[in-house]
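# Architecture and fold: a report
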Amino acid sequence: MNTVTDTTHCDDLAKALEAFREHSPLIERWGTGLARRLGSGARLLVAGNGGSAAQAQHLTAELVGRYRDDRPPFSAVALHADTSSTTAIANDYGVQEVFARQTAAHGRPGDVLLLLSTSGASANLLAAADRAHRLGMTVWALTGRAPNPLQLGADEALCVDAPVTATVQELHLVAVHMLCEAFDQAVERGEAGKPDGAHGTDGKPGADGKPGVVGRLVGRARTVGRTAPGAPVAPRKGHT
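All of these numbers come straight from a predicted model, not from anything done at the bench. Chains are numbered independently. Their residues run from 1 in the order of the written sequence. Two thresholds apply to this predicted model, a pLDDT of at least 70 for residue-level local features and 80 or more for giving and counting side-chain atom pairs, whereas whole-chain, interface and lining totals are computed over all residues. Calculated side-chain values reflect all of the structure's heavy atoms, with hydrogen atoms and water omitted.

Aromatic contacts are taken between Phe, Tyr and Trp rings whose centres are within 6.5 Å, Trp giving its six-membered ring; a plane angle under 30 degrees counts as stacked, one over 60 as edge-to-face, and the others as tilted. Applying the stated criterion across every chain, the model contains two aromatic pairs. Measuring from ring centre to ring centre gives 5.0 Å for Phe74 and Phe183, while their planes differ by 85°; the resulting arrangement is edge-to-face. Here Phe183 lies in helix H8 (residues 165-188) and Phe74 lies in the loop between helix H3 (51-64) and strand E2 (76-78), a separation of 109 residues in the sequence. Phe183 matches Phe74 in its accessibility class, with the two residues each being buried. The way it works is that DSSP assigns letters per residue, a run of H or I at least four long becomes a helix, a run of E at least two long becomes a strand, and they are numbered from the N terminus. For the exposure calls, accessible area comes from a 1.4 Å probe over protein chains only, and a residue counts as buried if that area is under 20% of its type's maximum, exposed if over 50%, partly exposed in between.

What follows is about H3. One less than the number of residues in a helix, times 1.5 Å, gives the span that helix is expected to have. Between its first and last C-alpha atoms H3 spans 20 Å; for 14 residues at 1.5 Å apiece the expected length is 20 Å, and the two agree. Turning to H3, its buried residues are Ser52, Ala53, Gln55, Ala56, Leu59, Thr60, Glu62 and Leu63. For this analysis, residues touch if any pair of their heavy atoms sits within 4.5 Å. Of the surrounding secondary structure, the elements contacted by the buried residues of H3 are helix H2 (24-39), strand E1 (44-48), E2, strand E3 (112-117) and H8.

Tracing the backbone through its elements, the reader meets Asp161 in the loop between strand E5 (156-159) and H8. When sequence neighbours within four positions are dropped, the list of residues in contact with Asp161 reads Ala16 and Arg145. At 2.7 Å, the side chain of Asp161 and the side chain of Arg145 are in polar contact. Throughout this description, a polar contact denotes any pair of N or O atoms lying within 3.5 Å of each other; where both atoms belong to protein, one of them has to be capable of donating a hydrogen while the other can accept it, and for residues adjacent in sequence the pair is counted only when both atoms sit in side chains.

Following Ala146, the chain continues to Pro147 via a peptide bond in cis, the omega torsion being -5°. Inspection of the secondary structure puts Pro147 in the loop between strand E4 (138-143) and helix H7 (149-153).

For every element, the axis is a line fit to its C-alpha atoms; helices are fit only across the contacting stretch, and the angle between N-to-C directions ranges from 0 to 180 degrees. Close contact between helix H5 (residues 98-106) and helix H6 (residues 123-135) brings their axes to 7 Å; oriented N to C, the two are set at 20°. It follows that H5 is roughly parallel to H6 by the angle criterion. Crossing handedness for the pair H5 and H6: right-handed. Between H5, through Val98, Phe99, Ala100, Arg101, Thr103 and Ala104, and H6, the contact on the second element is made entirely by Asn124, Leu125, Ala127, Ala128, Arg131, Ala132 and Leu135. Each residue gets one of three labels, nonpolar for Ala, Val, Leu, Ile, Met, Phe, Trp, Tyr, Cys and Pro, charged for Asp, Glu, Lys and Arg, and polar for the others, Gly among them. Looking at the contact of H5 with H6, its residues break down into nine nonpolar, two polar and two charged. Just so you know how the angles are binned, under 35 degrees is roughly parallel, over 145 roughly antiparallel, 65 to 115 roughly perpendicular, and the rest oblique. The sense of a crossing depends on the near helix, which, turned anticlockwise from the far helix by less than a right angle, makes the crossing left-handed and, turned clockwise, makes it right-handed.

With that out of the way, let us pick up the confidence of the model for the chain. Predicted coordinates in areas of low pLDDT are best not read in detail. Residue-level confidence of the predictor, termed pLDDT, takes values from 0 up to 100. Averaged over every residue, the pLDDT of the chain is 85; the share at 70 or more is 80%. In this model residues 199-238 is a low-confidence stretch, pLDDT under 50, and it forms 54 contacts with partners more than four residues away in sequence or in other chains.

Ranked by internal contacts, the top residues of the largest apolar core, which has 33 residues, are Trp30, Leu34, Leu44, Leu59, Leu114, Leu158 and Phe183. Counting residues per element, the ones that place at least two in this core are helix H1 (8-20), H2, E1, H3, E3, E4 and H8. Broken down by element, this core gets its largest block of residues, nine residues, from H8. In contact with Leu114, not counting residues within four places along its chain, are Trp30, Leu44, Leu45, Val46, Ala47, Leu59, Trp140, Ala141, Leu142 and Leu179. The next biggest cluster of nonpolar side chains, apart from the first, holds 18 residues, and it includes Val98, Leu113, Val139 and Ala154. Joining through side-chain atoms within 4.5 Å is the link that ties buried Ala, Val, Leu, Ile, Met, Phe, Trp, Tyr and Cys residues into a set, and such a set is a nonpolar core.

Encoded structure:
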């Protein structure tokens, strides 16, 4: 039986944190790209279930408010935070649609949808990712161990290599703070509002050589095993 002085939890976190360091370049790129997009009038939509919902709302609070130093507010919306919409959609359309329908209502081409899930298998997040892609949005994911459905359904994913849900959530919070730090540094450098060349919107490759939104949609449609637009996703229980 573990006691309050048992350090197993700390040991697991320290071990996972060492491997997590390799994600620093991705987080910095996300922060810079997000500053460019939100500074140009785009918005960030974020969603998660349970503990991941708390992490998602933590991120939007930092962007709409501030992380460290004072700066202008930026548009970031936690979809689960609107309890009236969430419960109405769940009641009328089913839990699977709670984020997808809000994504359809608020999302525009060029916006970013960030989804957090320790399992990477939550049906309502998978449905939201699919809806966002059909709208021409970019989808990022913070998940647990790869491979998982959400990682495969996102444009880019940061997958925490840890076996325990609590450790994954703790490192998701580290990722949130690092993202905010990179975002603020980009704003301070004057990056906000600049064209995000790494994410083209005309189907042509961006500055990083990767296809733009249209090109990614075409490529995704050719991916074997990808859920077709509008196709139902089997609901799963117990995932966050």
